[in-house]
Amino acid sequence: WNLPHPYLIQFVGSNDIIPFATMKFTMKIIAACAAMASVSAFAPNTGAFGVARRSSSSAALSMSEKPVFDQEQFIAESKEMRLKYLEDQAMFALKIAVENYGNAVFPNAMIAGDVVITHLLGRMGYLSSGKCKVMVVDTFHLFPETIPFLRSLEEHYDFKAEIFCAEGCPVGDKAAYDAKYGADLWKEDIEQYDKVCKVEPFQRGLKTTNTDCMINGRTRWQGFERAWIDQFENAPIGGGLAKCNPIAYWTFEDTFDYIAKYNVPHHPLHAKGYPSHGDAKDTIPIPEDGSTKFVDFKFEGDKTPWLDYASERKGRFVGLANKDGSTKTECGIHVAGAEQTFDRDLWEGGAVKNLATTEEATAATKTGKASVVAVYAPWCQFCQGMEENFEAFAAQADVDVFKFRGDEEREFVEAELNTSSFPTINVVKPDGTIVKYDSEVRTVEAFNAFVAETLAGVTA
């Protein structure tokens, strides 16, 4: 109602002004209200949503015969309005991430949300221009369709992704990974597997690309662990690195609506019953019979098992548990404290002296005194495994014992410190000759014996 006068009521949509001196509703006015409300619900004057204009007298009479409100059309147009808003909102966030920060990077896992972000970045010209870099982590356990799909995206959007994998292994060389870490590492120690195959390569990728803003496809709809994320937040890695979640407020249905709207290239596993994908070893279709699929940009079967809240990742991490016995729901990349898996240093008790730079490492080999230098990476399971013994060795050794972090200076340690993998233990003779310890036995006794043998007859 509009109230042009304290004692008059005018109904919206009507030219009638009714006296209202007593301030009490009469049955006539109530009936008039009901009639007008019915007319506006089924036949808006504006003709919006495809509903034709109808006079108030005819509409009220015909409602019982044939409702003119097209519910399906209303829902479809409402969803389109929502999706358009989400698109604009996501692109605004991406613009801030790319334009306001100097070096945005998109770690692309090629799941449904990620292909939406890829398309948005492509629409904005950030991929072909190189303004936004793309990195991919290859765990050596991905589905066989994943890397070929990446290559098709590169061609489609005109960009080149940088692939990162377990330290010391050439990209795509699963045999090298098996030889170095063991094919069954994920069965033996899932947390160590996450560090080696996911967290460390991911972190190394962020450092290598020198990013200050990481773009990713996490959403609130994915589950309680992510229920309160916003479009921007500080990541738990890198000390102040910004994290942009452009589709944070999207549902899983929104992502597929967008994919269908723009014919977005998406992972072939969606057509095989997988709502999401990661490692082939622990990912299954949902439902397990594969009856729900996304084929030719539309769903086949009952889509609710995919689109229900927190259902997107139901088929991920199947059969895996954390060390505390809880069900595994995260790979470790996005959880708070993830940086501790490689930023926690080793041998901080003081017995092992730190060589902070390549210059210090070089100088340590030219002192004219015998010493021991351990080249290491703090995230490496083998370095961690010898942490206690090497600390004890250093505490009783009669030569200086040093450590040098090699994963951040790979070319230097390969060329100067005999290092092709971690850990590498070197004995430095007084004349600067460097002798590598080749045994896998890393006990105090073994270290003492090697030092004594290498320096036998040598005057330090």
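Residues numbered from 1 in each chain as written. Predicted model: local features only at pLDDT ≥ 70, side-chain atom pairs only at ≥ 80, totals over all residues. Heavy atoms only, no water.

All right, on to the packing of helix α3 (residues 71-100) against helix α9 (residues 252-262) then. Packing of α3 against α9 brings their axes to within 11 Å, and their N-to-C directions diverge by 90°. On the basis of the axis angle, α3 is roughly perpendicular to α9. Every residue of α9 that contacts α3 at Lys 79, Glu 80, Arg 82, Leu 83, Leu 86 and Glu 87 is listed here: Glu 253, Asp 254, Asp 257, Tyr 258, Lys 261 and Tyr 262. (Axes fitted to C-alpha atoms, helices over the stretch in contact; angles between N-to-C directions. Helix = DSSP H or I, 4+ residues; strand = E, 2+ residues; numbered from the N terminus. Parallel < 35°, antiparallel > 145°, perpendicular 65-115°, else oblique. Contact = heavy atoms within 4.5 Å.)

Here is a general trend for soluble globular proteins: nonpolar side chains tend to be buried in one another's company. Within the largest apolar cluster, 50 residues are counted, with the highest numbers of intra-cluster contacts made by Tyr 177, Tyr 181, Val 372, Phe 390, Phe 393 and Ile 425. Residues within four places of Tyr 181 in sequence aside, it is in contact with Ala 166, Glu 167, Cys 169, Val 196, Trp 379, Gln 381 and Phe 382. Counting 44 residues, the second-largest nonpolar core is a separate cluster that includes Ala 97, Leu 121, Phe 252 and Phe 256. (Core = buried A, V, L, I, M, F, W, Y, C linked by side-chain atoms within 4.5 Å. Buried < 20%, exposed > 50% of the residue type's maximum accessible area, 1.4 Å probe, protein only.)

Right, let's talk about the sheet that holds strand β14 (residues 400-405) for a bit. Taken together, the five strands give an open sheet; going across it, the order is β12-β14-β13-β15-β16, and neighbouring strands pair in mixed fashion. Of all strands in the sheet, those bounded by a partner on one side alone are β12 (353-354) and β16 (434-437). Looking at chain direction, β12 and β14 are connected through two bridges and run parallel. Counterpart to Lys 353 in the pairing with β14 is Phe 402. (Pairing = 2+ DSSP bridges.)

This next bit is on the confidence of the model for the protein. In the predicted model, the protein carries a mean pLDDT of 83, and 78% of its residues have values of at least 70. Taken together, the stretch residues 1-63 has pLDDT below 50 and engages in 66 contacts with residues farther than four places along the chain or on a different chain. Below a pLDDT of 50 lies the segment residues 335-342, which in the model reaches 23 contacts outside its immediate sequence neighbourhood of four places, other chains included. (pLDDT = per-residue confidence, 0-100.)

For the coordinates displayed, the defined rule picks out 25 salt bridges. Measuring nitrogen to oxygen at the nearest pair gives 2.6 Å for the salt bridge that ties Arg 82 to Asp 254. Pair noted here: Arg 82 is in helix α3 and Asp 254 is in helix α9, with a separation of 172 residues, a long-range link. Judged by relative accessible area, Arg 82 falls into the partly exposed class, the value being 37%. Connected through shared salt-bridge partners, Asp 194, Lys 198, Asp 279, Lys 281 and Asp 282 make up one network. (Salt bridge = Lys/Arg side-chain N within 4 Å of Asp/Glu carboxyl O.)

Of all six residues making up strand β13 (residues 371-376), six are buried, and the element is well covered by its neighbours. Of the two faces of β13, both are covered, the one formed by Ser 371, Val 373 and Val 375 as well as the one formed by Val 372, Ala 374 and Tyr 376. Inspection of the sheet shows β13 paired to β14 by six bridges, in the parallel sense. Residue pairing in the sheet places Ala 374 in a bridge with Lys 403 of β14. With five bridges joining them, β13 and strand β15 (residues 424-428) adopt antiparallel strand pairing. Bridge pairing in β15 links Ser 371 to Val 428.

Glancing now at the state of the cysteines. Here the structure, examined in full by the defined rule, presents zero disulfides. Here Cys 165 is not disulfide-linked; the sulfur of Cys 169 is the nearest cysteine sulfur, at 6.0 Å. You can see Cys 213 has no disulfide; the closest cysteine sulfur is in Cys 244, sitting 5.4 Å from it. A relative accessible area of 0% places Cys 213 in the buried class. (Disulfide = S-S within 2.5 Å.)

A rise of 1.5 Å per residue sets the reference length of helix α5 (residues 146-157), with its twelve residues, at 16 Å; its end C-alpha atoms lie 16 Å apart and thus fit the reference within 8%. Inspection of α5 places Thr 146, Phe 149, Leu 150, Leu 153, Glu 154 and Tyr 157 among the buried residues, and these make up the whole buried set. Projection of α5 onto a plane perpendicular to its axis shows the buried side chains occupying an angular sector of 145°, all on one side. Buried residues in α5 make contact with α4 (112-123), β5 (133-137) and β6 (162-164). Positioned one or two residues after α5, Asp 158 has a phi angle of 60°, which is positive. (Expected span 1.5 Å × (residues − 1). Arc of directions from axis to C-beta.)

The next point concerns a nonpolar patch on the surface. On the surface, Phe 69, Phe 74 and Ile 75 cluster together to form a nonpolar patch covering roughly 230 Å² of accessible area. Tracing the backbone through its elements, the reader meets Phe 74 in helix α3. (Patch = residues over 30% accessible without salt bridge, like charges linked within 9 Å, V, L, I, M, F, W, Y side chains within 5 Å. Areas by Shrake-Rupley, 256 points an atom, 1.4 Å probe, with all protein chains shown as cover.)

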